[in-house]
Amino acid sequence: MEHTITLPNGTLACTIVGQGTPLLFIHAPCIGSINFVSQHPLTDTFQLLVPDLPGHGHSSPLPEPFSIHDLAACLHGLMQKLGLEKPYLLGYSQGASIALEYALCFPEQVSGLILVSAFSEVNDLYLHSRFYLAQAMAGIHGVPLLAQSITSSHTDDPQLQEKWIKHASLTDSTTLSHLYKAGHSYNCTQRLPQITLPTLLVYGAEDRSIHPYGQLLSEGIPNSKMVMIPGVAHQVVTKAAPELNRLCREFHMEKGG
């Protein structure tokens, strides 16, 4: 069920389903909460909290400029408003950067991290170029094109594609441009050793350009475990959903869930 939560800087739309340990999902830019529709079977283990980030879906934008820290603080405010303590955080792609910042800022209020296709900084030409292109498209009101491109890379199902495009197209273009800018400049690599939380790192085996970032995270976070899923690239949340969901359940059980 989707709820609208009022916070000091605006409102967040958040789908809340299931019972049990809270699991807060943090989506990639220009997708919104529909990013995690394939994770809904996890209601057998977790209470799922799937917000639209500010300026996405039915959530209001944040005042610009904002930072990754501001987004992490916003999500922490959401959890406080809901009265839910010590969630697990699942961040996907740039959403994982927000999860990292959340864990760094509020370490006593997080149970563990699940980081999917994650990076703690942007340091190679390929990822730099992806950010520059996406930010440029957002800046010229290219949200519909980005929505179609991102959707087609995540699912081949025509009905699901229609839902994804409709939801992603709600993204505010100014917010999106600022989000890409914030994510492009974000760097927490030197602070990774401060994260002592149990951390699961999940990557697609075919996502080779991102693997060096996984190595950075694996070496930097003391209590981390990395898993490579064969036959899939960056889009693990949809293209390898059953395997990712299995890993989430096992991670929870291993950590005393």
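Residues numbered from 1 in each chain as written. Predicted model: local features only at pLDDT ≥ 70, side-chain atom pairs only at ≥ 80, totals over all residues. Heavy atoms only, no water.

### Notes on unusual backbone geometry
Heads up, the condition is: Secondary structure elements follow DSSP: runs of H or I of four or more residues count as helices, runs of E of two or more count as strands, with numbering from the N terminus.
Residue E64 is joined to P65 through a cis peptide bond whose omega torsion reads -5 degrees. Assignment of secondary structure puts P65 in the loop between strand 4 (46-51) and helix 1 (68-82). For S93, which is not glycine, the phi torsion reads 55 degrees and is therefore positive. Topologically, S93 is positioned in the loop between strand 5 (88-92) and helix 2 (94-105). One non-glycine residue, S117, lies in positive phi territory at about 55 degrees. Topologically, S117 is positioned in the loop between strand 6 (112-116) and helix 3 (125-139).

### Details of the packing of aromatic side chains
Stated precisely, the cut-off is as follows: To pair, rings of Phe, Tyr and Trp, with the six-membered ring standing in for Trp, must have centres within 6.5 Å; the planes then decide the type, stacked if under 30 degrees apart, edge-to-face if over 60, and tilted in the middle. Accessibility here uses a 1.4 Å probe with only protein chains present; expressed as a share of the type maximum, an area under 20% marks a residue as buried, one over 50% as exposed, and anything in between as partly exposed.
Throughout the structure, instances matching the rule amount to 7 aromatic pairs. Judged by centre distance (5.9 Å) and plane angle (75 degrees), the rings of Y88 and F251 are edge-to-face. Linking Y88 in strand 5 with F251 in helix 9 (residues 241-254), this pair joins segments that are 163 residues apart in sequence. By relative accessible area, Y88 is classed as buried at 5%.

### Details of the side chain of D52
The line we're drawing: In this tally, Lys and Arg are treated as positive and Asp and Glu as negative; His is ignored, and so are the chain termini. Note on definitions: salt bridges are taken to be side-chain nitrogens of Lys or Arg within 4 Å of carboxyl oxygens of Asp or Glu. Residues count as neighbours in contact if any of their non-hydrogen atoms are within 4.5 Å of one another.
Position of D52 relative to the elements: it lies in the loop between strand 4 and helix 1. One buried charged residue, D52, forms no salt bridge at all, with the nearest opposite charge on K166 at 13 Å. Ignoring anything within four residues of it in the chain, the contact list for D52 reads E2, L12, A13, H27, G32, S33, G57, H58, S59 and H167.

### Some remarks on helix 3
The test is simple: To estimate how far a helix should reach, multiply one less than its number of residues by 1.5 Å. Each direction from the helix axis to a C-beta atom contributes to the arc, which is the arc of those directions. For the purposes of these results, a polar contact is taken to be a pair of N or O atoms within 3.5 Å, where, inside protein, one atom must be able to donate a hydrogen and its partner to accept one; residues adjacent in sequence count only when each atom of the pair is a side-chain atom.
Between the first and last C-alpha of helix 3 there are 21 Å, a value that for 15 residues agrees with the 21 Å anticipated at 1.5 Å per step. Within helix 3, the full set of buried residues consists of L127, F131, A134 and A138. One side of helix 3 holds all its buried residues, which, seen down the axis, span an arc of 70 degrees. Facing away from the buried side of helix 3, by more than 90 degrees, are the exposed residues L125, Y132 and L133. Turning to helix 3, the residues buried within the fold contact helix 2, helix 4 (143-154), helix 6 (173-185) and helix 7 (211-220). One side-chain oxygen at the N-terminal end of helix 3 lies 3.1 Å from the backbone nitrogen of Y126; it belongs to D124.

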